[in-house]
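Results of the structural survey
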Amino acid sequence: MAGSMAGITAVICTYPLDMVRVRLAFQVKGEHRYMGIIHAFKMIYTKEGGFRGFYRGLMPTVVGMAPYAGFSFFTFGTLKSIGLAQAPNLLGRPSLDNPDVLVLKTHVNLLCGGIAGAIAQTISYPLDVTRRRMQLGAVLPDSEKCLTMVQTLKYVYQQHGIRRGLYRGLSLNYIRCIPSQAVAFTTYELMKQFLHLN
């Protein structure tokens with residue numbers, strides 16, 4: 001619960017920056033709607049309803065955090081437990097802080113973290129697509145059909161289907177997500193040992 005609340009707070013505080021980043025990244029050569037970061041902030045504020053304009057797509061982001069974090073930690077914990085129970089000599093080693101406790105070897109930690117990230121990303125990805133679509137709202141010609149999270153999910157599904165709509169770009173996202181989660185879980189496990197938490 002504490003981790004979820006910290007994540008939600010961080011997202012709420014930094015969401016306007018993500019909105020501007022997405023808008024600037026979406027611009028194509030020759031069609032610059034925004035002249036830079038400050039100009040993008042001013043335009044979104046004046047043309048899209050003040051501060052509310054910066055938070056288009058926040059709901060799918062917050063809603064998507066719960067399954068992403070939940071499935072990520074659940075998958076990692078399950079893989080870790082099964083691995084240490086089924087093949088302790090092959091996959092485990094004594095903890096640095098408590099030799100009576102077995103922990104996963106570093107390369108196994110990386111593998112389990114990557115798998116956990118891939119599964120969590122696959123489950124929560126349609127909400128990420130929804131968030132991006134809503135963030136681009138005013139820039140896209142069909143923005144009036146993507147005002148709420150449910151409207152956007154339905155619209156993307158009806159127009160593009162599951163594979164080319166709700167999961168479009170997932171393979172590219174794996175390139176970022178899998179190594180990121182692998183390193184995050186491995187760092188988490190190592191820090192538990194360094195802080196004598198095993």
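Residues numbered from 1 in each chain as written. Predicted model: local features only at pLDDT ≥ 70, side-chain atom pairs only at ≥ 80, totals over all residues. Heavy atoms only, no water.

Quick word on the overall build of the protein chain
- Each helix and strand counted, the protein chain has 8 helices and 2 strands in total.
- Along its sequence from the N terminus, the protein chain presents helices and strands in the succession α-α-α-α-β-β-α-α-α-α.
- Counting only C-alpha atoms and orienting by the principal axes, one finds that the protein chain spans roughly 60 × 35 × 35 Å.
- In the protein chain, which comprises 198 residues, the proportion classed as buried is 40%.
- Taking the contacts inside the protein chain whose residues are at least 6 apart along the sequence as the reference set, 66% of them involve residues at least 24 apart. (Helix = DSSP H or I, 4+ residues; strand = E, 2+ residues; numbered from the N terminus. Buried < 20%, exposed > 50% of the residue type's maximum accessible area, 1.4 Å probe, protein only. Contact = heavy atoms within 4.5 Å.)

Some details on the domain arrangement of the protein chain
- With domains assigned, the protein chain is organised as domain 1 (1-55) and domain 2 (58-195).
- Each partner contributes residues to the interface: domain 1 has 14 residues there, and domain 2 has 11 residues.
- Here domain 1 and domain 2 share an interface that buries about 1200 Å² over both sides, 70% of which is from carbon and sulfur atoms.
- In this assembly, domain 1 and domain 2 are joined by 1 salt bridge.
- Taken together, the connections running from domain 1 to domain 2 amount to 6 residue pairs in polar contact (both at pLDDT 80 or more). (Domains from an automatic or database assignment. Buried area = accessible area lost by both parts, 1.4 Å probe. Salt bridge = Lys/Arg side-chain N within 4 Å of Asp/Glu carboxyl O. Polar contact = N/O pair within 3.5 Å; in protein donor to acceptor, adjacent residues only side chain to side chain.)

Let's talk about unusual backbone geometry
- Here histidine 196, not a glycine, exhibits a phi torsion of approximately 55°, which is positive.
- With respect to the helices and strands, histidine 196 occurs in the segment after α8 (170-194).
- Taking relative accessible area as the criterion, histidine 196 reaches 59% and is therefore assigned exposed.

Let's talk about the layout of surface pockets
- As a volume, the largest pocket reaches approximately 980 Å³.
- Those elements giving two or more residues to the lining of the largest pocket turn out to be α1 (2-26), α3 (58-86), α5 (106-135) and α8.
- When the residues that make up the lining of the largest pocket are grouped by side-chain class, the tally is 18 nonpolar, 11 polar and 6 charged.
- When residues of the lining of the largest pocket are assigned to domains, at least three fall in each of domain 1 (1-55) and domain 2 (58-195).
- Phe26, Val129, Arg132, Arg133, Leu136, Leu140, Val156, His160, Arg164, Gly165 and Arg168 are the residues that line the second largest pocket.
- Counting only elements with at least two residues in the lining of the second largest pocket, the list comes to α5, α6 (149-160) and α7 (162-166).
- Looking at the lining of the second largest pocket, the element that brings in the most residues is α5, giving 3 residues.
- A class-by-class count of the residues in the lining of the second largest pocket yields 5 nonpolar, 2 polar and 4 charged. (1 Å grid on protein atoms, 1.4 Å probe; cavity = no way out; pocket = protein on both sides within 12 Å on 5 of 7 lines; lining within 4 Å. Points joined across faces, edges and corners; volume = space filled by probe spheres on them. Nonpolar A, V, L, I, M, F, W, Y, C, P; charged D, E, K, R; others polar.)

Overview of the packing of aromatic side chains
- Applying the stated rule across the entire model yields 8 aromatic pairs.
- Between phenylalanine 51 and phenylalanine 54, the aromatic rings sit 6.5 Å apart at their centres with planes inclined by 50°, giving tilted as the arrangement.
- With a centroid separation of 6.2 Å and 20° between ring planes, the pair formed by tyrosine 125 and tyrosine 167 is classed as stacked. Of this pair, tyrosine 125 sits in helix α5 while tyrosine 167 sits in the loop between α7 and α8, placing them 42 residues apart in sequence.
- The partly exposed category is assigned to tyrosine 167, whose relative accessible area is 25%.
- Joined through ring pairs, the aromatic side chains of Phe41, Tyr45, Phe51 and Phe54 make up one cluster. (Phe/Tyr/Trp six-rings, centres within 6.5 Å; stacked < 30°, edge-to-face > 60°.)

Quick word on the nonpolar core
- Counting 7 residues, the largest nonpolar core is built from Phe76, Leu84, Leu104, Val108, Cys112, Ala116 and Phe185.
- Secondary-structure elements contributing two or more residues to this core are α3 and α5.
- At 3 residues, α5 tops the list of elements feeding residues into this core.
- By size, the runner-up hydrophobic cluster in this structure holds 6 residues, among which are Val20, Tyr34, Ile44 and Phe54. (Core = buried A, V, L, I, M, F, W, Y, C linked by side-chain atoms within 4.5 Å.)

Overview of the pattern of salt bridges
- Summed over all chains, the structure comprises 8 salt bridges.
- Residue aspartate 18 is joined to arginine 21 by a salt bridge in which the shortest nitrogen-to-oxygen separation is 2.6 Å. Taken as a pair, aspartate 18 and arginine 21 lie in helix α1 at a separation of 3 residues, close to a single helical turn.
- Classification of arginine 21 by relative accessible area gives partly exposed; the value is 48%.
- Between aspartate 128 and arginine 131 there is a salt bridge; the shortest N-O distance is 2.7 Å. Of this pair, aspartate 128 and arginine 131 both sit in helix α5, separated by 3 residues, roughly a single helical turn.

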